[in-house]
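Chain residues, written in single-letter form:
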Amino acid sequence: MRYKAVLSYDGSTYCGWQIQHDAKTVQESLQNALSTLLREKVSVTGAGRTDSGVNAVNYVAHFDSEFPGLDATALCYKINAMIPTGIRVHSIVPADPSFHARFDATMREYKYFIHRKKDPFMTEYSYLCPYRLDVEKMNRAAGFLIGRHDFSCFEKTGGNSKTSVCTVSLARWETYSPTHVSLLGYPSEEGDYLVFTIRADRFLRNMVRAVVGSLLDVGRGRHPEEWIETLTGGGTRSEAGESVPGNALFLSKVNY
């Protein structure tokens, strides 16, 4: 029988989702726990890769089990007691036998967090970018990402994707107020905290981090906003901006 699992994880101590040789991954941790509890070899399929250090909220996976009368609720409770604290399984429910966590996904959303002044409470999950940024210009540049394009210019060298074409439906920068500012009164000014949201049918390896790095270059005045259009029109990875750190990146939503 097939089951759907929804989980969240802090990627800081993992080399991404997908199992790798001699590396700690989320997929392997989850598979090992399920195999132990169900006393059978379990293979878990996720909604897609996340890079090393990248976090995820409400990530979706599926697995099959021949265990008769599986109590999914009890299994969820037991697995959370077994897996590392950096992973939390929110739910495990029966799924249609044809459900596929990766291939059935129609949209994936990522968020990238930036703080523009030194903040001791943002170090772990946000990127410090202390430069003057033109956010309106960055949003105009992000508009060139919307639509169906070849995003190979933002793909990590050596990626093995069959195609580099993705369809982006949203790419936008917004200001926000983190909890310690809104609830605890931490001193800040409007625009100190930014979040970039991007939605697409699929993403390439390292794509979001390279997109963010390129948009920050635009915001700093290093390139005109039309540069992004040039990149998606046939640019190479070496011509795009540098990738930003992965700790501030979250896979935030998967739609089916």
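Let us look at the structure shown here. Given the structure is predicted, the values throughout are model-derived calculations rather than measurements. (Residues numbered from 1 in each chain as written. Predicted model: local features only at pLDDT ≥ 70, side-chain atom pairs only at ≥ 80, totals over all residues. Heavy atoms only, no water.)

Points about the environment of aspartate 104
The cut-off we apply is this: Where helices and strands are cited, they refer to DSSP runs of H or I of at least four residues and of E of at least two residues respectively, numbered from the N terminus. It only takes one pair of heavy atoms within 4.5 Å for two residues to be counted as in contact. The term polar contact refers here to a pair of N or O atoms within 3.5 Å; inside protein, the definition further demands a hydrogen-donor-capable atom paired with an acceptor-capable atom, and it admits residues adjacent in sequence only when both atoms are side-chain atoms.
With respect to the element layout, aspartate 104 can be found in the loop between strand E4 (87–94) and strand E5 (107–115). Taking the C-alpha atoms as reference, aspartate 104 lies 6.0 Å from tyrosine 256; in sequence the two are 152 residues apart. Dropping the residues within four chain positions of it, aspartate 104 is found in contact with Ser98, Phe99, Asn255 and Tyr256. A polar side-chain atom of aspartate 104 sits 2.9 Å from the main-chain amide nitrogen of histidine 100.

Details of the environment of alanine 61
Where we set the bar: Exposure classes here rest on a 1.4 Å probe applied to the protein chains alone. A residue is buried below 20% of its type maximum, exposed above 50%, and partly exposed in between.
Mapped onto the secondary structure, alanine 61 falls in strand E3 (residues 55–64). Alanine 61 gets classed as buried once you look at its relative accessible area, which sits at 1%. Each C-alpha atom of the pair alanine 61 and valine 44 lies 6.6 Å from the other, and the pair is 17 residues apart in sequence. Among residues more than four places away in sequence, those in contact with alanine 61 are Tyr3, Lys4, Ala5, Leu7, Trp17, Val44, Thr45, Gly46 and Ala101.

Quick look at the pairing of E5
Note the threshold: The criterion for strand pairing is that DSSP finds at least two bridges linking the strands in question.
Here E5 lies mainly inside the structure; eight of its nine residues are buried. The pairing of E5 with strand E9 (residues 193–200) spans eight bridges and is antiparallel. Its bridge partner being in E9, isoleucine 114 is matched across the sheet by leucine 194. Looking at chain direction, E5 and strand E6 (residues 127–128) are connected through two bridges and run parallel. Bridge pairing in E6 links isoleucine 114 to tyrosine 127.

Structural notes on helix H2 (residues 72–82)
Cut-off, in case you're wondering: Directions from the helix axis toward the C-beta atoms define the arc.
Buried within H2 are the following residues: Ala72, Leu75, Cys76 and Ile79. Relative to the axis of H2, the buried residues are bounded by an arc of 100° and lie together on one face. Among the exposed residues of H2, those oriented more than 90 degrees off its buried face are Thr73, Tyr77 and Ala81. For H2, the elements touching its buried residues are strand E1 (2–9), helix H1 (26–38), E3 and E4. For H2, the capping residue at the N-terminal end is aspartate 71, with a side-chain oxygen 3.2 Å from the backbone nitrogen of threonine 73.

Functional significance is not addressed by these values, which are geometric in nature.
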